[in-house]
Amino acid sequence: MSVVSILSSLYSIKKQYIMLHDMVAAHSTVRVSVCRVNEEKEEIFSTELVPGDVMVIPLNGTIMPCDAVLINGTCIVNESMLTGESVPVTKTNLPNPSVDIKGMGDELYSPEIHKRHTLFCGTTVIQTRFYTGELVKAIVVRTGFSTSKGQLVRSILYPKPTDFKLYRDAYLFLLCLVAVAAIGFIYTIINSILNEVEIGVIIIESLDIITITVPPALPAAMTAGIVYAQRRLKKIGIFCISPQRINICGQLNLVCFDKTGTLTEDGLDLWGIQRVENTRFLLPEENVCNEMLVKSQFVACMATCHSLTKIEGVLSGDPLDLKMFEAIGWILEEATEEETALHNRIMPTVVRPPKQLLPEATPLGDQEMELFELPAIYEIGIVRQFPFSSALQRMSVVARVLGDKKMDAYMKGAPEVIASLCKPETIPVDFENVLEDYTKQGFRVIALAHRKLESKLTWHKVQNISRDAIENNMDFMGLIIMQNKLKRETPAVLEDLHKANIRTVMVTGDNMLTAVSVARDCGMILPQDKVIIAEALPPKDGKVAKINWHYADTLTQCSNSSAIDSEAIPIKSVHDSLEDLQVSRYHFAMNGKSFSVILEHFQDLVPKLMLHGTVFARMAPDQKTQLVEALQNVDYFVGMCGDGANDCGALKRAHGGISLSELEASVASPFTSKTPSISCVPNLIREGRAALMTSFCVFKFMALYSIIQYFSVTLLYSVLSNLGDFQFLFIDLAIILVVVFTMSLNPAWKELVAQRPPSGLISGALLFSVLSQIIISIGFQSLGFFWVKRQPWYEIWHPHSDACNTTGSLYGNFSHLYNETEDDPHNIQNYENTTVFFISSFQYLIVAIAFSKGKPFRQPCYKNYLFVLSVIILYVFILFIMLHPVASIDQALQIVCVPYQWRITMLIIVLVNALVSIMVENFCLDMVLWKVVFNRDRQGEYRFTTTQPAQESVDYWGKCCLSCALDCRKKIPKAKYMYLAQELLVDPEWPPKPQTTTEAKALVKENGSCQIITIT
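Residues numbered from 1 in each chain as written. Predicted model: local features only at pLDDT ≥ 70, side-chain atom pairs only at ≥ 80, totals over all residues. Heavy atoms only, no water.

Right, let's get into the overall build of the protein. Across its full length, the protein carries 32 helices and 33 strands. Taking all 1016 residues of the protein together, 51% fall into the buried category. A separation threshold of at least 6 residues defines the contact pool for the protein, and within that pool the share at least 24 residues apart is 74%. Counting every atom, the protein has about 47900 Å² of accessible surface; 60% of that belongs to carbon and sulfur. (Helix = DSSP H or I, 4+ residues; strand = E, 2+ residues; numbered from the N terminus. Buried < 20%, exposed > 50% of the residue type's maximum accessible area, 1.4 Å probe, protein only. Contact = heavy atoms within 4.5 Å. Areas by Shrake-Rupley, 256 points an atom, 1.4 Å probe, with all protein chains shown as cover.)

Our focus in this paragraph is the sheet that holds strand E2 (residues 41-45). Strand order in this open sheet of 6 strands is E2-E1-E3-E10-E5-E8, and the pairing throughout is antiparallel. Strand pairing shows two members of the sheet lacking a second neighbour, E2 and strand E8 (118-119), which therefore form its edges. When strand E3 (residues 54-56) meets strand E10 (residues 137-142), the two strands line up antiparallel, connected through 3 bridges. When the sheet's bridge partners are listed, Val56 is paired in E10 with Lys137. (Pairing = 2+ DSSP bridges.)

Take the environment of Met55 next. With respect to the helices and strands, Met55 occurs in strand E3. Owing to a relative accessible area of 1%, Met55 belongs among the buried residues under this scheme. Excluding anything up to four places from it in sequence, Met55 contacts Val32, Ser33, Val34, Leu49, Met64, Pro65, Cys66, Val136, Lys137, Ala138 and Val140.

So, on to the pattern of salt bridges. The tally for this structure, following the rule as stated, stands at 20 salt bridges. Glu43 is the salt-bridge partner of Arg31, the closest N and O atoms lying 3.3 Å from each other. Taken together, the residues span a long stretch of sequence, with Arg31 in strand E1 (residues 31-35) and Glu43 in strand E2 at a distance of 12 residues. Asp404 serves as the salt-bridge partner of Lys452, at 3.6 Å between the closest nitrogen and oxygen. Of this pair, Lys452 sits in strand E22 (residues 444-452) while Asp404 sits in the loop between strand E20 (394-401) and strand E21 (408-413), placing them 48 residues apart in sequence. With relative accessibility at 39%, the residue Lys452 sits in the partly exposed group. Here the salt bridges share partners, and the residues they tie into one network are Arg275, Glu277 and Glu285. (Salt bridge = Lys/Arg side-chain N within 4 Å of Asp/Glu carboxyl O.)

What follows is about the pairing of strand E19 (residues 380-389). With 7 of 10 residues buried, E19 lies mostly within the body of the structure. As paired elements, strand E18 (residues 349-352) and E19 share 3 bridges and run antiparallel to each other. Paired with Val350 across the two strands is Gly381, which belongs to E19. As paired strands, E19 and E20 are joined by 7 bridges and run antiparallel to one another. Each residue of the ladder has a partner; that of Arg384, found in E20, is Val398.

A separate point is the packing of aromatic side chains. Per the counting criterion, the structure on display carries 19 aromatic pairs. The interplanar angle of 65° and the centroid separation of 5.9 Å between the aromatic rings of Trp271 and Tyr438 together place this pair among those described as edge-to-face. Here Tyr438 lies in helix H13 (residues 431-440) and Trp271 lies in strand E13 (residues 269-277), a separation of 167 residues in the sequence. On the accessibility criterion, Trp271 (34% relative accessible area) is partly exposed. These aromatic residues form a ring-pair network of at least three members: Trp787, Trp793, Tyr794, Tyr831 and Trp902. (Phe/Tyr/Trp six-rings, centres within 6.5 Å; stacked < 30°, edge-to-face > 60°.)

With that settled, consider unusual backbone geometry. Between Lys855 and Pro856 the backbone carries a cis peptide bond, its omega angle lying at 15°. Counting through the fold element by element, Pro856 comes out in the loop between helix H27 (831-851) and helix H28 (865-883). Going from Trp990 to Pro991, the amide bond is cis rather than trans, its omega being 5°. By the element assignment, Pro991 lies in the loop between helix H32 (976-985) and strand E32 (996-1000). Phi is positive for Asn278, which is not a glycine, with a value near 55°. Tracing the sequence through the fold places Asn278 in the loop between E13 and strand E14 (280-281). In this structure, Thr279 takes a positive phi of about 60° despite not being glycine. With respect to the helices and strands, the residue Thr279 is situated in the loop between E13 and E14. Note on Thr279: relative accessible area 36%, which makes it partly exposed.

Below, the discussion takes up helix H6 (residues 218-235). At 3.6 residues per turn, the α-helix brings residues three or four places apart onto the same side. Between its terminal C-alpha atoms H6 stretches 27 Å, which fits the 26 Å expected from 18 residues at 1.5 Å a residue. Buried residues of H6: Leu218, Ala220, Ala221, Met222, Ala224, Gly225, Ile226, Tyr228, Ala229, Arg232 and Leu233, and no others. Downstream of H6 by one or two residues, Gly237 has phi in the positive range, about 85°. (Expected span 1.5 Å × (residues − 1).)

We now examine the nonpolar core. Phe701, Met702, Ile735, Ile736, Val739, Phe837 and Phe838 are the most contacted members of the largest nonpolar core, which totals 73 residues. Ranked by residues supplied to this core, first place goes to helix H23 (residues 680-717) with 19 residues. (Core = buried A, V, L, I, M, F, W, Y, C linked by side-chain atoms within 4.5 Å.)

Before going further, it helps to examine the packing of helix H24 (residues 725-743) against H27. The N-to-C vectors of H24 and H27 enclose an angle of 5°; their axes lie 10 Å apart at closest approach. Here H24 is positioned roughly parallel relative to H27, judged by the angle of their axes. Here Gln727, Phe730, Ile731, Ile735, Ile736, Val739 and Met743 of H24 lie close against H27, whose contacting residues are Asn833, Phe837, Ser841, Tyr844, Leu845 and Ala848. Of the residues belonging to the contact of H24 with H27, the class tally is 10 nonpolar, 3 polar and no charged. (Axes fitted to C-alpha atoms, helices over the stretch in contact; angles between N-to-C directions. Parallel < 35°, antiparallel > 145°, perpendicular 65-115°, else oblique. Nonpolar A, V, L, I, M, F, W, Y, C, P; charged D, E, K, R; others polar.)

This paragraph deals with the pairing of strand E12 (residues 254-257). Side chains Leu254 and Cys256 project from E12 onto one buried face, and the interleaved Val255 and Phe257 project onto a second face that is buried too. Bridge count for E12 against strand E24 (residues 503-507) is 4 bridges, and the pairing is parallel. Following the sheet pairing, Cys256 is matched in E24 by Val505. Across 4 bridges, E12 lies against strand E29 (residues 638-642) in parallel orientation. Paired with Cys256 across the two strands is Met640, which belongs to E29.

By themselves, these observations are geometric and do not establish any function.
Take a look at the structure:
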């Protein structure tokens, strides 16, 4: 069985690696065209590309086999493989420093700084646009594992090993059993030599004690629970390619979620607009597509200020831009390749409203018909586009209405940024209040602005004008309110996780504002919680790295004092459950760039930020993996839930990664959900907890089975006896295997609880459980063994012994059957053997029932019908052959006849043994010790408050006294994040105050020391 288990594991691992290699090799070898000397094109394999090659991008697009920077033309690229955001991005050619202004000639190329001009490996080029007679070209800058995709592949193929305390403790426990076996081995040899046993028998019996103590069936028994859990997961649509991770999922206390497609639906919805007229906000409007607004500057801005493009006739682009453009119902037309080829410059994109929205002209006479037909054609051409920049938080365009002499500049972006670039007299007085109302409701708010450009600005001048010259002195036009809809099940699932004291973290490729808004909407950040944004800046111009701390918003001052009750703010004391210390009233949010700077320059702040970090935006794939590792470094058990290829590294690195996609992410992820819903996360954790508790139960049972049988054999060795072959077979096959494979069938408990199962075998509760049952079993087995020798009918058994006749004629005829048996050379048949066999057989079943626990992690054992049926059948059978002997069975099992009174005595011993074992396991351990001494293994079991009722105070002091009596030494938290939470409670400098800056010291030490400087 162990061989089968090993072979199946090897097969699944090999299959997984083949799938991974196939995924990596799928797009790594393609034919590409490169430019050689004299503009000659040559086709080569992508594996032959080296940095410096000039690659020609095909007109119909391609999948990039390397990282390259555009030097000619523009490309529309789908970067979802890297970012997780399925939004086509427009890439432009790298600007020529020699003709750029502001002395940028000394600037060096960087893939991060110039990512708007870089085509990354693994991304899909959907369309290309080119100039007359010129090809779209790019220079190769990185290949192989040096590319962005290569780094992602490396993290998938060669992840850091995930360690789990259960398996480490299992090896340690097995070593202890080996030590026990060594003691038995030495005892057997010495005892046999003293009793002058033959050398062959000594060797067999001494080796036999080793196989008894270290059970060979243990791997198969441990695997059974995992296999059953895997089967149950499959029934609810969760597929697993790494079964050992199921147990680890039972320990998860933090889950990272991707945002787009995981927590939210794909894209945004337009809630409405709020225009400004005469520096006052008008009422919100839902319908933007109407005749009254069709020629307004507000709608013109919505129609032109975007980065949309047509791909195979379908409008594509940023979801926000797409929803905004669809809301006005306009039509977008782009120049064809033939039209572009006829001009020296790219033809402008034109937008126009549908004809039904344009007001009909009423001519006064036939002679004026043509004059009224011309204005009916209303088109706007987009002359120049300044793409959206996350650093600037805005985008702008220069457009021109057909027939107008002057051009218009339109701008949209973050409201605060847009307002700062507008004329103060055009901004409403209540701008900040209106904006705050919308943001608190979780809306995504975009501001619009406009201004007429000077007539001297020609088409050619606009193409070379700087962005700053356009984006200033604007007129504020109003707000667009977007709604990022959550998936229907998201808030309920996150609430269940929070009730179970499982932290939730958002890690996304989307921008910060959207991520924080979604985190508040879904309940990841509560309304009264503060959000502290950490903006880290790398060293520059001789200045050290620094972090600027900003509070995203403040609590609304409530006029009603009862709205903020003192009970809403938990009072922390040193007696609080350490798991609850992490629950605080502030959260950190940061983007990927800040995260990288903090990892490099502020190592000592990383654990503190991990303790309260909730929103991580604009995270690259490798940064997601680094975040998972940083959380694991402070002893969190991290789960990861995502749906994109950009999540692969993090899914592989996390303790429990679950993919909501059946594409690339499912290959790297240990778990894949058939339904794209995060409701699979609590289901996985519940099954993981059930599987983990099953593993503990099975391990404890197998340990007790080994010790019980070890002690039985050791006792019998003392009288030069042993268990018979069929007795061993009956115990191992009929009892142990049946019990092990049925006690693992308990399904998971129906809901998540705040309590977590222990992470390892070497914990107080589990050790107490095992040791107490060992002592009880040894005690009652010894009682039977020595008590039988004190019976008046006892004698050293021989074939003619007739102990049954002492009870009368009931067993008189039966005793003659034993008298007719042949001599027993191995001394199996004796009164000690029979007594030990019956008592130990019942003990296996007793500990199986005692260890087969249900709530709060598994369903009660009485709902495990196969286990109940198996135990009842075994109990009845053993009880039957003990109280009503059957000659053929007794002869096969080499059981001797004992008086009926002794059979009743053995039954009483077994009943008392069962009562004591179950009382100790279920009352002393679960009701007392687990709650008082081992309460750190439970999360949120109880809290101490400043005021307590009288009875609770008595219970409190009782618990304290018992805890002190059993554990006088104050325990230091084992988990780093718990210890850190204790330290931060008394740290007056944490969390950082608003508008403060943390600077790294010029000479960074090994611990990455830093200092906090307050900016006034």
